[in-house]
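Here is what each chain is made of, one letter per residue.
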Amino acid sequence: MSASHEGSGVASRHGPVRAPQSLAGGLFLLFLAALALWLTKDLSQGTLNAMGPAMLPRWLAFGVGLSALALIVFAFIKDGEPLEHWSIRGPFFIMWAILAFAVTIRGYAFGDLAVPGLGLMVAGPLAILIGGFATPEARFRELLILSLSLTPFCMVLFGDGALLNLPIPLFPRALAELFPADWSQNAILRTIAAVMAVLAGLVFVTTRGRRTTIDVADHSGRI
C-alpha cells in the first residue's frame, strides 16, 4: 500500500480536502471571476453582431468561474498536490502590468497627476513587457517581439470596422492628427498596425544573429 502511494508521488491525505493546491487555485480563480463580473456590471454586453465592451470579459469570467468550480470539486474527490511556497515575483509583475494597462489605455487623473489616454497601441505592449517579467525566464527581446506582434493583431481585430469594431481606445489622438485629414479611422488603424508588425520583424531579424551567438556561447560554457 505504502509503495503504491510513493510511486504515485502524491500521498493520501486525511480530511475532506484531498488536494489543497487545487482548492487554493480554485478559490483564487473564483475570486477573479467574481471581480470581473462586478467590474463589468455597468457595461453593455451587446449582441454577437454588435459586441459591447462587456461581452468578452464577462463570458471569459464565466469560463474562469466554471473552471474554478471544477478545481474546487476535484479538490475534495481526488488526491492532489499540497500547498507549496511561492514567489512574490509573479503576482508583483502581473499586478503592475494590469495597473499599467488600466492607467494608459484611457488615461488617468489623480489630483495633479495626469496620464493621457494612449490607447491599446501603447497599453498593450506595456502590459506584455511588464507582465512577461513575472517569470525569471523572461527575455526582453522575446517580449518586445511578442508585444509588437500581438498588439497590432488585437488592434485590428477589436477596432477595425470590418471586424469586431469595439469602442476601445486604439492610439493617442495626437498621433491620429499626424495623418491626412481625409483618412478614415480604419485606414489610420491599419497603417499603425502594419508599422508595428514591421517593427516586430525588424527586431527579430536584427537581433537574431546576436541571440544565436549568445546561445552558442552559453552552450560552450556549460560544456
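Here goes a summary of the coordinates provided. Bear in mind the structure is a predicted one, so any value in this text is a computation, not a measurement.

1. Looking at the overall build of the protein chain
Piece 1. Within the protein chain one finds eight helices and two strands.
Piece 2. Put simply, the protein chain runs from its N terminus to its C terminus through helices and strands in the order α-α-α-α-β-β-α-α-α-α.
Piece 3. Across the 223 residues in the protein chain, those meeting the buried criterion constitute 26%.
Piece 4. Within the protein chain, contacts between residues at least 6 apart in sequence are counted, and of these 62% link residues at least 24 apart.

2. Regarding the nonpolar core
Piece 1. If you look at the biggest cluster of nonpolar residues, it comprises 15 residues, and the most contacted ones within it are Met155, Phe171 and Ile192.
Piece 2. Those elements that provide at least two residues to this core are helix H5 (120-132), helix H6 (140-159) and helix H8 (185-222).
Piece 3. The greatest single-element share of this core, amounting to six residues, is contributed by H8.
Piece 4. In this structure, Phe171 is in contact with Leu118, Gly119, Leu120, Met121, Met155, Ala176, Gln185, Ile188, Leu189 and Ile192, ignoring residues within four places of it in sequence.

3. Let's talk about the side chain of Ser147
Piece 1. Note on placement: Ser147 falls in helix H6.
Piece 2. The class of Ser147 is buried, set by a relative accessible area of 0%.
Piece 3. Excluding anything up to four places from it in sequence, Ser147 contacts Pro125, Ile128, Leu129 and Pro152.

4. Here we look at the environment of Ala134
Piece 1. Relative to the assigned elements, Ala134 resides in the loop between H5 and H6.
Piece 2. Between the alpha carbons of Ala134 and Gly90 there is a distance of 4.1 Å; along the sequence they are 44 residues apart.
Piece 3. Ignoring anything within four residues of it in the chain, the contact list for Ala134 reads Arg89, Gly90, Phe93 and Ile94.

5. Some remarks on the packing of helix H4 (residues 89-106) against H5
In a packed pair of helices, the relevant descriptors are the angle between the two axes and the axis-to-axis distance.
Piece 1. At their nearest, the axes of H4 and H5 sit 8 Å apart, and the two run at 170° to each other. Relative to H5, the element H4 is oriented roughly antiparallel. Contact residues: H4 offers Phe93, Ile94, Trp96, Ala97, Ala100, Phe101, Thr104 and Ile105, while H5 offers Leu120, Ala123, Gly124, Leu126, Ala127, Ile130 and Gly131.

6. Side note on H4
Quick reminder: α-helices carry 3.6 residues per turn. Residues three or four places apart thus point the same way.
Piece 1. In this model, H4 (18 residues) spans 27 Å end to end at C-alpha, consistent with the 26 Å of a helix rising 1.5 Å per residue.
Piece 2. For H4, the full list of buried residues reads Gly90, Ala97, Ala100, Thr104 and Ile105. Projected down its long axis, H4 carries its buried residues within an arc of 105°, all on one side. Residues of H4 that are exposed and point more than 90 degrees away from the buried face comprise Ile98 and Arg106.
Piece 3. Summarising the contacts, the buried residues of H4 are in contact with strand E2 (113-115) and H5.

7. Structural notes on the pattern of salt bridges
Piece 1. Counted under the stated rule, the structure contains three salt bridges.
Piece 2. Here Glu142 and Arg141 are joined by a salt bridge, their closest N and O atoms 3.7 Å apart.

8. What about helix H3 (residues 55-77)?
Piece 1. With 23 residues, H3 should cover 33 Å at 1.5 Å per step; its first-to-last C-alpha distance of 34 Å lies within 8% of that length.
Piece 2. Buried within H3 are the following residues: Met55, Arg58, Ala61, Gly65, Ala68, Ile72 and Ala75.
Piece 3. Here the buried face of H3 lies against helix H2 (20-39).

Criteria and cut-off values
- Residues numbered from 1 in each chain as written.
- Predicted model: local features only at pLDDT ≥ 70, side-chain atom pairs only at ≥ 80, totals over all residues.
- Heavy atoms only, no water.
- Helix = DSSP H or I, 4+ residues; strand = E, 2+ residues; numbered from the N terminus.
- Buried < 20%, exposed > 50% of the residue type's maximum accessible area, 1.4 Å probe, protein only.
- Contact = heavy atoms within 4.5 Å.
- Core = buried A, V, L, I, M, F, W, Y, C linked by side-chain atoms within 4.5 Å.
- Axes fitted to C-alpha atoms, helices over the stretch in contact; angles between N-to-C directions.
- Parallel < 35°, antiparallel > 145°, perpendicular 65-115°, else oblique.
- Expected span 1.5 Å × (residues − 1).
- Arc of directions from axis to C-beta.
- Salt bridge = Lys/Arg side-chain N within 4 Å of Asp/Glu carboxyl O.

Everything listed here is a matter of geometry and, on its own, says nothing about what the molecule does.
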